[in-house]
Amino acid sequence: MNDSSPVRADAARPAPTMPDAQTVTRVTHWTDRLFSFRVTRPRSLRFRSGEFVMIGLQKEDGKPLLRAYSIASPSWEDELEFYSIKVPDGPLTSRLQHIAPGDRIILRPKPVGTLVHDALLPGRRLWFFATGTGIAPFASLVRDPETYENYDQVILTHTCRDRAELAYGQELVRNLENDPLIGEFVAGKLRYYPTTTRQDSPRMGRITTLLRDGTLLRDLGIDNIAPETDRAMVCGSLGLNVDLREILEGFGLREGSNSAPADYVVEKAFVG
Ligand code: A2P
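For clarity, every value in this text was computed on a predicted model and none was experimentally measured.

S.K.: Residue-level account of the site of the ligand, with values.
M.R.: The ligand sits among 13 residues. The nearest are Arg 33, Arg 161, Thr 197, Arg 198 and Arg 206. One of the backbone nitrogen or oxygen atoms of Cys 160 is found 3.3 Å away from an oxygen atom of the ligand. One of the side-chain nitrogen or oxygen atoms of Arg 161 is found 2.9 Å away from an oxygen atom of the ligand. When the ligand sits alone it has 560 Å² of accessible area, and the protein chains cover 82% of it. Contributions of two or more residues to the shell around the ligand are made by β8 (153-160) and α8 (238-250). For the shell around the ligand, the element with the highest residue contribution is α8, accounting for three residues. Residues of the shell around the ligand, tallied by class, amount to two nonpolar, six polar and five charged.

S.K.: Before we move on, could you go through the environment of Arg 46 and cite the residues and values that matter?
M.R.: Structurally, the position occupied by Arg 46 is in the loop between β2 (34-40) and β3 (52-58). In this structure the C-alpha to C-alpha distance between Arg 46 and Arg 203, which are 157 residues apart in sequence, comes to 38 Å. Excluding residues within four positions of it along the chain, Arg 46 makes contact with Arg 41 and Pro 111.

Calculation rules
Residues numbered from 1 in each chain as written. Predicted model: local features only at pLDDT ≥ 70, side-chain atom pairs only at ≥ 80, totals over all residues. Heavy atoms only, no water. Near = heavy atom within 4 Å. Polar contact = N/O pair within 3.5 Å; in protein donor to acceptor, adjacent residues only side chain to side chain. Areas by Shrake-Rupley, 256 points an atom, 1.4 Å probe, with all protein chains shown as cover. Helix = DSSP H or I, 4+ residues; strand = E, 2+ residues; numbered from the N terminus. Nonpolar A, V, L, I, M, F, W, Y, C, P; charged D, E, K, R; others polar. Contact = heavy atoms within 4.5 Å.

Here you go:
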C-alpha cells in the first residue's frame, strides 16, 4: 500500500474561485480497484454518521462532475474520509483516482441519506451488511459512540471478491479496538464478519447465501433475526440490496426511512 498517488492530475484542481472546494490531505491505494482519501472538512458541515455528500471534480468546460459519496469518517473528526472504487472508464473515478495531497476537490456540504440511526426504531442488535465500497457509511457508524449507546451488539459483515479487498475494513476494525476515544465503547460489542466470494479465505460465500442457509447465524451463535430485537442497515450493489431486502422481510423486519423509522434501511453503494 502506498500513501500517495504517483500521478498528479491537473484536472483535479478546480480554479481557486471554485465554490465548495476542499483540499486533499491523504490518499491510500488499497488495491488497483480501491482507494480511500481524506479531505479538509468545511467548517459549516454538520452530518449524521452514515450520510453521504456530493463530491467531484471540475470538468474541462468548467462545470462540476459530482457523485454521491458516503462519508466514511465519524462526525467528530476534523477531516472527511471517503472510500472509492476506481473504474477505468468511469467519468469521475478515472480522474479522481489520480488525486494527490494538496489537490482541490469539490464537496457540496449538504449531507443526506437513510443509513442513519434516526431511520431505525430502538433495538438490541444492529447489523451492518456491506459489500465492496458499501462499507463506507458503516466505517462512519462503527466509529460513532451512539451506535454502542443504542445497541448491545453490533455486527459488521463485509463481503468482497478477494482477500485484498477486505483490507480497508480489517484496518478499520483493528484501529477501532485500539482507539483511545471509541475503543472502550466498541469492546465486547462489535463483531466483524468478513467473507470473500472469488478467492479462498477463512469465510467464503455471498452474505445472502450464508444468511439463507443458516451459516451466518450459526457462526455467530445467534438463534434468529427478529423484529423484536434486530435492526439492519444494508449498503451494496443493486442486486445485493434487492436480495437482502427479501431476506430481512422474511425475518419479519420492515423497511424504515427518516420520516418513518422502522427495522432496516438500505442504500446503494457508489459504483461509478
Ligand atoms: P460475487 O463475486 O459472487 O459477484 P463487486 O466488487 O462486484 O461490487 O462485488 C462485491 C461483492 O458483492 C462480491 O463478493 C460479490 O459476489 C457480492 N455480490 C454481488 N451481488 C450480490 C448479490 N446480489 N447478493 C450477494 N452478494 C453479492
